[in-house]
Amino acid sequence: MKILITIAEAQNQPRAKRRVLVPTMGALHKAHGELIRVAREAAGKHGEVAVSIFVNPLQFEPGSDYKRYPRPEKADEEFCRNAGVDLLFRPSAEEVYPHDRSTFVEETSLSSTLEGKSRPGHFRGVCTVVAKLFNILAPDAAVFGEKDFQQLAIIRRMVRDLNFDIDIIAVPTIRDEDGLACSSRNQYLNSEERKQAAILYKALLAVKNAGKKPANDVIALAQKIINEAHLARIDYVEVVDAETLKRVQSAGPNTVLLLAVSFGKTRLIDNIRLA
Ligand code: AMP
């Protein structure tokens, strides 16, 4: 596995092979492992898998967990090695963002709701760094998780709107045994919070087969279940169209329920497609 630190090193890598990129912020866990496995498959026998690890300051709003976000460098490196990664790109924030930077990438429609509303500037940070990674590493395809449903929709929109010649591959959400979606942030949860956080998946399963029920009833049911966990503080629970992310009147095919809920200081997001 080649470890690339500078942008020049990354850009000077020969690009003869099909390259599939998995962008991450590190603190790698089994969901990242699944993304890497899917990338390997998509790269084919002669292709290569690139993983980027970059805790992107631009997507953390002021006062959030940028500084305390876990950065287990050695463990991440081992993880990638064991997963058969070919290229590990781990740039510094100083090089990625020159102090006088003045160009950003902003998606302006899908970003205005849900996470975008709760975390102003978040998706501008995501789009900017993903566009930069696409330019630096020039992958043929890139893999993203459905756990970050809105992010995936926004990346697809950015790729379409800016004509990146890159296939976007989606990976279904990977969960722990009790259903909690794997996330690097789960390690912030204390044991009681961790136990109660399993309520989120219970709520998602309860609404999954909502049929054509009014969206408000589906939302109310999910909220009621989540509130059974006394440590849960709901930020939002919404039912939206899976492509436009606009609110819908009734659940059904092509709609998705998304939620953001805090347990203590830890904010978790999850979603499920409704049928
Ligand atoms: P992160 O390191 O949290 O920025 O995530 C890197 C990539 O892994 C993103 O595309 C995420 O959507 C994806 N990812 C994170 N957690 C999960 C999960 N539990 N299931 C599927 N994909 C995930």
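Criteria and thresholds
Residues numbered from 1 in each chain as written. Predicted model: local features only at pLDDT ≥ 70, side-chain atom pairs only at ≥ 80, totals over all residues. Heavy atoms only, no water. Near = heavy atom within 4 Å. Polar contact = N/O pair within 3.5 Å; in protein donor to acceptor, adjacent residues only side chain to side chain. Helix = DSSP H or I, 4+ residues; strand = E, 2+ residues; numbered from the N terminus. Nonpolar A, V, L, I, M, F, W, Y, C, P; charged D, E, K, R; others polar. Core = buried A, V, L, I, M, F, W, Y, C linked by side-chain atoms within 4.5 Å. Buried < 20%, exposed > 50% of the residue type's maximum accessible area, 1.4 Å probe, protein only. Contact = heavy atoms within 4.5 Å. Pairing = 2+ DSSP bridges. Axes fitted to C-alpha atoms, helices over the stretch in contact; angles between N-to-C directions. Arc of directions from axis to C-beta.

## A look at the site of the ligand
Taken together, 16 residues are adjacent to the ligand, and His32, Gly145, Asp148, Ile174 and Cys182 come closest. Within the backbone of Met25, an N or O atom sits 2.9 Å from an oxygen atom of the ligand. At a separation of 2.6 Å, an oxygen atom of the ligand approaches a polar side-chain atom of Asp148. At three residues, the largest contribution of residues to the shell around the ligand is made by helix H2 (residues 30-43). Split into classes, the residues belonging to the shell around the ligand amount to eight nonpolar, six polar and two charged.

## A word on the nonpolar core
With 44 residues, the main nonpolar core has Phe89, Val130, Phe134, Phe144 and Ile168 as its most contacted residues. For this core, the secondary-structure elements that each account for two or more residues are helix H1 (7-11), strand S4 (87-89), helix H4 (93-96), helix H6 (122-137), strand S5 (141-145), helix H7 (149-161), strand S7 (232-241) and strand S8 (255-263). The greatest single-element share of this core, amounting to 10 residues, is contributed by H6. Excluding anything up to four places from it in sequence, Phe134 contacts Leu21, Pro139, Ala142, Phe144, Met158, Val159, Phe164, Ile166 and Ile168. Among the nonpolar cores identified, the runner-up in size contains 27 residues, and Ile199, Ala229, Val237 and Leu274 belong to it.

## Details of the pairing of strand S9 (residues 266-274)
Each regular strand shows side chains that alternate between the opposite faces of the sheet. With respect to burial, S9 is a largely interior element, seven of its nine residues being buried. Connecting S8 to the antiparallel partner S9 that follows it, the hairpin turn spans two residues, and Gly264 within it adopts a positive phi of roughly 60 degrees.

## Points about unusual backbone geometry
Unlike most non-glycine residues, Ala138 shows phi in positive territory, near 45 degrees. Of note, Ala138 is situated in the loop between H6 and S5. Positive phi, normally seen in glycine, also occurs at Leu245, with a value near 60 degrees. One can find Leu245 in the loop between S7 and S8. Residue class for Leu245 comes out buried when judged on its relative accessible area of 2%.

## Some remarks on the sheet that holds S7
Adjacent strands of a sheet form backbone hydrogen bonds with each other and so pair up, either parallel or antiparallel. The strand order S7-S8-S9 describes an open sheet built from three strands, whose pairing is antiparallel. Looking at the sheet topology across the chains shown, the edges are occupied by S7 and S9. Along the sheet, successive strands turn relative to each other by an average axial angle of 15 degrees, direction set aside. Pairing between S7 and S8: nine bridges, direction antiparallel. The residue bridging Arg233 from the neighbouring strand is Ser262, located in S8. On top of the sheet, helix H10 (residues 215-226) reaches S7, S8 and S9; it is set at about 155 degrees to S7, its chief contact.

## Brief notes about helix H3 (residues 73-82)
Residues of H3 that are buried include every one of Asp76, Glu77 and Cys80, and no others. Summarising the axial view, the buried residues of H3 lie within an arc of 100 degrees, below the 170-degree limit, and thus occupy one face. In H3, the exposed positions angled more than 90 degrees off the buried face are occupied by Lys74 and Asn82. Those residues of H3 that are buried are in contact with strand S1 (2-4), strand S3 (48-53) and S4.

## What to know about the sheet that holds S4
With parallel pairing, the six strands of this open sheet are ordered in space as S1-S4-S3-S2-S5-S6. A single partner strand is all that each edge strand has here, and the edge strands are S1 and strand S6 (167-171). Between one strand axis and the next, the sheet turns through 25 degrees on average, direction left out of account. Bridging between strand S2 (residues 19-24) and S3 involves six bridges; their strand directions are parallel. Bridge pairing in S3 places Val22 opposite Val51. Seen against the sheet, H6 touches S2, S3, S4, S5 and S6 and runs at an angle of roughly 150 degrees to S2.

## Considering the side chain of Ser52
By secondary structure assignment, the location of Ser52 is in strand S3. Residue classification places Ser52 among the buried residues on the basis of a relative accessible area of 1%.

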